[in-house]
Amino acid sequence: MKKDILFIIPSLGAGGGEKSLINLLTQIDFDKYNLKSTAIAGYDRTTETVFYNAKYDTTAKVVAFINQTEGYFANKTADAPLLHEFGHHFYNSYVNNLAKSKGMAYNESETIVKQSIYNKIENMGGKMYVEAISGYALDGHKKGDYSEIVAEAYSIGKEGELL
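Quick caveat, the model's predicted, so the values are computed rather than measured.

K.L.:
Which residues make up the packing of aromatic side chains, and what values go with them?
P.N.:
On inspection of all chains with the given rule, the structure shows six aromatic pairs. Measuring from centroid to centroid gives 6.0 Å for F65 and F73, while their planes differ by 50°, and the two rings are tilted. You'll find F65 and F73 in the same group, each marked buried. Seen in terms of ring centroids, F73 and Y136 are 5.6 Å apart; in terms of plane orientation they differ by 70°. Their pairing is edge-to-face. Taken together, the residues F73 in the loop between helix 2 (59-67) and helix 3 (80-102) and Y136 in helix 6 (residues 135-143) connect sequence positions 63 residues apart. Take Y136: its relative accessible area is 21%, and that puts it in the partly exposed class. Taken together through their ring pairs, the aromatic side chains of Y56, F65, Y72, F73 and Y136 make up a single cluster. In this arrangement the basic side chain of R45 is found over the ring face of Y106, its NZ or CZ atom lying 4.0 Å from the centre.

Below is the structure:
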């Protein structure tokens, strides 16, 4: 039986506790817990936790995973999975900050953010712009999952174009 796990940490800042947690998370076997076992990393919005699959415990394994599908990932370095997941954190923080500043619910804020991103994408060439980022971003675009587009843009330093 697979187990659920929960880590609670107040931020993803660069403090000692955060670094220790990231080191611990690199040792998690996704197959043993209720995490997508085929993923290299993940981000949980409710706990603001980044998970890293223990199967990818060397730079060579990470890069091999990234290079399996040409054009799917925007960033082809060993840092790509963490940068991508931190991109999800960036997106989530942006939506949360808007919700707090306007006194609205997260879902309402996210609707506004998604519409804004959609408009910017359309003004920059629509599907062709997203496709130029990566296949991963294009999949997100097709599903209306703008967090994926921002995460991929974040991994190559282009999140400012969208938010």
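K.L.:
Would you mind going over the pairing of strand 1 (residues 41-44) in detail, with residue names and values included?
P.N.:
With four bridges joining them, strand 1 and strand 2 (residues 49-52) adopt antiparallel strand pairing. Within strand 2, the position partnered with A41 by the bridge is Y52. In textbook terms, the turn of a hairpin is the stretch between consecutive antiparallel strands, and for strand 1 and strand 2 this stretch comprises four residues, one of which, E48, has a positive phi near 50°.

K.L.:
How would you sum up the side chain of S155? Please name residues and give values.
P.N.:
The residue S155 is located in helix 7 (residues 146-155) in this model. Of note is the side chain of S155, whose polar atom sits 2.8 Å from the backbone oxygen of E152. Setting aside chain neighbours within four positions, we find S155 in contact with A74, N75, A80, L83 and H84.

K.L.:
Break down helix 7 for me, with residues and values.
P.N.:
Counting buried positions along helix 7 gives nine out of ten residues, so the element sits mostly inside the fold. Those residues of helix 7 lying buried are Y146, S147, E148, I149, V150, A151, E152, A153 and S155. Contact partners of the buried residues in helix 7: helix 3, helix 4 (106-123), helix 5 (127-133) and helix 6. Remark: G157 follows helix 7 within two positions and exhibits a positive phi of approximately 75°.

Procedures and definitions
Residues numbered from 1 in each chain as written. Predicted model: local features only at pLDDT ≥ 70, side-chain atom pairs only at ≥ 80, totals over all residues. Heavy atoms only, no water. Phe/Tyr/Trp six-rings, centres within 6.5 Å; stacked < 30°, edge-to-face > 60°. Buried < 20%, exposed > 50% of the residue type's maximum accessible area, 1.4 Å probe, protein only. Helix = DSSP H or I, 4+ residues; strand = E, 2+ residues; numbered from the N terminus. Lys NZ or Arg CZ within 6 Å of the ring centre and 35° of its normal. Pairing = 2+ DSSP bridges. Polar contact = N/O pair within 3.5 Å; in protein donor to acceptor, adjacent residues only side chain to side chain. Contact = heavy atoms within 4.5 Å.

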